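Report on the structure
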Amino acid sequence: MVEVPSTAPRAAPATRRGPAAWVGQIILYGLFALTIGVFSHWPPYHHLSGDEALVKLSIVHAGKPVSDCRQRTPEELAKLPPNMRAATNCPRERSPLVVELDIDGKPAARMSAPPSGLSRDGASAVYRRLPVAAGEREFAVRMRDNARSAGFDYTLERRVTLKPAQVLVIDFDPHRGTLTLQ
Amino acid sequence: MSLAAAPKLWRRLEQLLDRALGARANPIRHLGALAFLAFWLLALSGLWLYAVLDTSASGAYASIEALSRVPWSIGGVLRSMHRYGADAFVMLTALHLLRELLHGRFRHFRRFSWLTGSALLPIIAVSAVGGFWLNWDRLGQFSATATAEWLDALPLLGSTLARNFLTTANVSDRLFSLFVFVHVGMPLLLVFGLWFHIQRITRAEVFPPRPLAVGFLATLLALALALPIQSQGPAQLASIPPSLAIDWFILFAHPLMYATSAGLVWAIAMVGFLALLLLPFVPTRIARPTVAVVDPDNCSGCQRCFVDCPYAAITMAAHPSKRAGHQIAVVDVDLCAGCGICVGACPSSTPFRHIEELVTGIDMPQQALTTLRSALRQRLQQHAQSSPHDAADTGPIVLFRCSQGADASAETAGDVITLPLICTGQLPPSFIDYALRDGAAAVVVATCRLSGCTYRLGAQWTSERLSGAREPHLRAAYRDAPNVMLIEADAGENREIDMGLTTMRARLTQFKATSV
């Protein structure tokens, strides 16, 4: 073995000490704090412009059955198992919900929502967000929940003064059977 | 600049911070551990906040707002640290993922960790966003409504979730129970997920080095004191707040959705998530590593390889000899990284054994230990024959270097015998002893930087073995010998090795001059 004197460090240290390391750490932690501090608040987000309001058209309603109940014929009844021989057969499928919204006489939304569920026997749901300019607006809402009728089963016309940032909700009250604005 | 340059740039940044701060204080070497620390900070501060939170729609806002009324109160500071900790957690997690991606650490034996880590991302997102709802201020109102509208874009739901936030009357205490579940239940799920994430790595770094931990927590505390988090007014569903101080780390998807569409945000989220999950399965030219092979006749069952394996790829089983208590190491081929750290740990891996073919307890077929010994002998003999009477010659320097780390441009110099290893952890310390006795004037071992080892623990084990802190250790006589040098140099840091070799030459020259 060759014996030689030591003159140099063996390996780079895992932890640096001294002013340079302290300055480096202060800069690094400062940048970290700055990044977190800034982007957890800034820049501010403006969901609507200053003179806008928001109309939310949201209705959940089960349409009427697509057809009437009917009486089964004796032949149909005979084909059924004895425990299932109900004389009246009512279809489960419901009508789709058709909703139209006009704002100031102009069409703003036209929607047709199918009934939910595998047998299409659940409620239909419509949801639409419509930013509109604040001020006095004329709303006309029409809804059809019966595929067998030609016109609209429910209508509502109302003049509303919207403030900036106001949320106007258009809904359907199933208890009173009317469209509502709130 | 092409994408291909990104890994190189990242590595340069790591090396720059290593030089400035040292590896232990370099945050981008410990991103996963820092994220763990942030998570525990969130858990502890969250417990406090949960204790004071009124979990009702009408009382939640007032209960949290009360914390901010007293400046610099424990509750107020903890609330701010909880929020800033969440931002830090999200940022650190994203950087941790980016680092592993840039280092290409998602294939083969790392697939499990990659997949379990990626699977945590949706849980983290849900946990983080849900925290804003519990406060039920205007930001919480905005986030809850936006999230509901985003979920409603899926065709699967029969009704619209957003109807829960149409009017104040719609927001019930039962809905708040759901909020609590989201923000408390999901983090609990995250704990289990994190546990899975580190299952296939041994000695997972779940706590950063103390200086880093102290610096991290002190920074968040200073931020909480200097810029305390304030609520943005109680939720009012009848109006939209004109301006929101939004947390862009966590809530960035809401503005993105309103600027584009819910469908696009879903597409980005799903495509991104699927890409992360499929990435380890993309065909590559990078071959699966050749795994370690155990030789039953030479395996004593000492468990050193089992202890040192960085990926828990080795288990101990009953030895085929069936001798009572006699065990044998068994390598799981799916988990083995092929790093050879087990070879360096094996007590049978000593080159002093008087056998023609050096067979050890566990070995790497692609670079068997006997090949390394033969190469070392041959190169030392060649050097002795080529310069037997050269007065200027101070003797050969044997350089054991990691193939994953820096290269030596001085390799071509006549006085340096370079022997590349898969990882320096593969080097049994007795090879240093052997080289010096067989004619080497000095031995330089070049590892990757601490915390920068491709195989996680190779640099650390090498350092500990050479300093005598870990078995098998370097003989005491050589531990502080000036002609034995350990250098930390990552890929690209060739200069570090060159400088080390220059230093070693100077030492040898100085010695020769003084001994004449």
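Calculation notes
Residues numbered from 1 in each chain as written. Chains lettered and ligands numbered in written order. Predicted model: local features only at pLDDT ≥ 70, side-chain atom pairs only at ≥ 80, totals over all residues. Heavy atoms only, no water. Helix = DSSP H or I, 4+ residues; strand = E, 2+ residues; numbered from the N terminus. Contact = heavy atoms within 4.5 Å. Pairing = 2+ DSSP bridges. Axes fitted to C-alpha atoms, helices over the stretch in contact; angles between N-to-C directions. Buried area = accessible area lost by both parts, 1.4 Å probe. Salt bridge = Lys/Arg side-chain N within 4 Å of Asp/Glu carboxyl O. Nonpolar A, V, L, I, M, F, W, Y, C, P; charged D, E, K, R; others polar. Buried < 20%, exposed > 50% of the residue type's maximum accessible area, 1.4 Å probe, protein only. Polar contact = N/O pair within 3.5 Å; in protein donor to acceptor, adjacent residues only side chain to side chain. Disulfide = S-S within 2.5 Å. 1 Å grid on protein atoms, 1.4 Å probe; cavity = no way out; pocket = protein on both sides within 12 Å on 5 of 7 lines; lining within 4 Å. Points joined across faces, edges and corners; volume = space filled by probe spheres on them. Domains from an automatic or database assignment.

1. Here's the deal with the overall build of chain B
Tallying secondary structure elements over chain B gives 18 helices and eight strands in all. For the C-alpha atoms alone, the extent of chain B along its principal axes is close to 95 × 55 × 45 Å. Across chain B, contacts joining residues at least 24 apart in sequence account for 72% of those joining residues at least 6 apart.

2. Some thoughts on the sheet that holds strand S5 (residues 397-402) of chain B
All names here are of chain B. Strand order in the open sheet formed by four strands is S6-S5-S7-S8, with parallel pairing between adjacent strands. The two strands at the open ends of the sheet, each matched to only one other strand, are strand S6 (416-421) and strand S8 (484-488). Direction aside, the axes of adjacent strands within the sheet are offset by 20 degrees on average. Where S5 lies against strand S7 (residues 442-447), five bridges are found, and the strand directions are parallel. When the sheet's bridge partners are listed, Val398 is paired in S7 with Val443. Against the sheet, helix H14 (residues 369-386) contacts S5 and S6, and its axis sits at roughly 170 degrees relative to S6. The strands that helix H15 (residues 430-437) touches are S5, S7 and S8; relative to S7, the one it contacts most, it runs at about 150 degrees.

3. Section: the interface of chain A and chain B
In this complex, chain A contributes 52 residues to the contact, which on the side of chain B involves 70 residues. Across the chain A/chain B interface, buried area totals approximately 5,200 Å², and carbon plus sulfur atoms make up 64% of it. If you look at where chain A meets chain B, you find two salt bridges. For Arg163 of chain B, the salt bridge is made with Asp171 of chain A, and the minimal N-O distance between the two is 3.1 Å. Of all the secondary structure elements, the ones that give two or more residues to the side of chain A that touches chain B are helix H1 (19-39), strand S1 (52-61), strand S6 (124-133) and strand S9 (167-173) of chain A. Looking at which element gives the most residues to the side of chain A that touches chain B, the answer is H1 of chain A, with 11 residues. Classifying every residue of the side of chain A that touches chain B by side-chain character gives 31 nonpolar, 15 polar and six charged.

4. Some remarks on the side chain of Asn135 of chain B
Residue and element names in this part refer to chain B. Along the chain, the position of Asn135 falls in helix H5 (residues 111-135). In this structure Asn135 comes out as buried when scored by relative accessible area, which is 10%. Side chain to side chain, Asn135 and Asp137 meet in a polar contact 3.3 Å long. At 3.3 Å, the side chain of Asn135 forms a polar contact with the side chain of Ser231. Aside from chain neighbours lying at most four places away, what touches Asn135 is Ala60, Tyr61, Ile64, Arg79 and Ser231.

5. Looking at the pattern of salt bridges
All names here are of chain B. One pass over the structure, following the stated rule, counts 34 salt bridges over all chains. The closest approach of N and O atoms between Arg449 and Asp18, which form a salt bridge, is 3.7 Å. In this pair, Arg449 sits in the loop between S7 and helix H16 (458-467) while Asp18 sits in helix H1 (residues 6-21), placing the two residues 431 residues apart along the sequence. Taking the relative accessible area as the measure of exposure, Arg449 reaches 3% and is therefore buried. Arg437 is paired through a salt bridge with Asp433; the nearest N and O atoms lie 2.7 Å apart. A residue pair is termed a helical-turn pair when its members lie 3 or 4 positions apart in one helix, as Arg437 and Asp433 do in helix H15 at four residues. For Arg437, a relative accessible area of 48% corresponds to the partly exposed category.

6. Remarks on the state of the cysteines
Following the criterion strictly, the structure yields one disulfide over all chains and no others. At a sulfur-sulfur separation of 1.9 Å, the disulfide partner of Cys69 of chain A is Cys90 of chain A. Taking the torsion about the sulfur-sulfur bond, which here is approximately 110 degrees, the covalent link between Cys69 of chain A and Cys90 of chain A counts as right-handed. Of this pair, Cys69 of chain A sits in the loop between S1 and strand S2 (70-71) while Cys90 of chain A is found in the loop between strand S3 (88-89) and strand S4 (97-103), placing the two residues 21 residues apart along the sequence. What makes Cys69 of chain A partly exposed here is its relative accessible area of 45%. We note that Cys339 of chain B lacks a disulfide partner, and the nearest cysteine sulfur, in Cys423 of chain B, lies 5.8 Å from it. The class of Cys339 of chain B is buried, set by a relative accessible area of 7%. Considering cysteine sulfurs only, Cys402 of chain B is the nearest to Cys448 of chain B, which forms no disulfide, with 3.8 Å between them. By relative accessible area, which is 3% here, Cys448 of chain B ends up buried.

7. What about empty space enclosed by the protein?
As enumerated under the stated definition, the model contains three cavities of 30 Å³ or more in all. For the largest cavity, the lining is made up of 15 residues, of which Lys56 of chain A together with Gln141, Phe142, Thr145 and Ile240 of chain B are closest to its centre. Sorting the residues of the lining of the largest cavity by element identifies S1 of chain A together with helix H6 (138-152) of chain B as the ones contributing at least two each. The element best represented in the lining of the largest cavity is H6 of chain B, accounting for five residues. Across the lining of the largest cavity, the residue classes tally to eight nonpolar, four polar and three charged.

8. Some points on unusual backbone geometry
The omega angle of the peptide bond from Trp42 of chain A to Pro43 of chain A is 0 degrees, so this bond is cis rather than trans. Relative to the helices and strands, Pro43 of chain A resides in the loop between H1 and S1. The step from Glu471 of chain B to Pro472 of chain B runs through a cis peptide bond, and the omega angle for that step is -10 degrees. Note that Pro472 of chain B resides in the loop between H16 and helix H17 (476-479). With phi around 55 degrees, Asp104 of chain A is a residue other than glycine that occupies positive phi space.

9. A short note on the domain arrangement of chain B
Residue and element names in this part refer to chain B. By the assigned domains, chain B splits into domain 1 (3-11 + 30-281) and domain 2 (358-515). Computed over C-alpha atoms, the centres of domain 1 and domain 2 are 48 Å apart. In this assembly, 10 residues from domain 1 lie in contact with 10 residues from domain 2. Together, the buried faces of domain 1 and domain 2 total about 690 Å²; carbon and sulfur atoms form 43% of this surface. It is Arg11, Arg105 and Arg203 that lose the most area in domain 1 upon contact with domain 2, and together they represent 49% of the buried surface on that side. Where domain 1 packs against domain 2, one counts zero salt bridges. Our enumeration of links across domain 1 and domain 2 arrives at three residue pairs in polar contact (both at pLDDT 80 or more). Residues belonging to the side of domain 1 that touches domain 2 are distributed by class as follows: three nonpolar, two polar and five charged.

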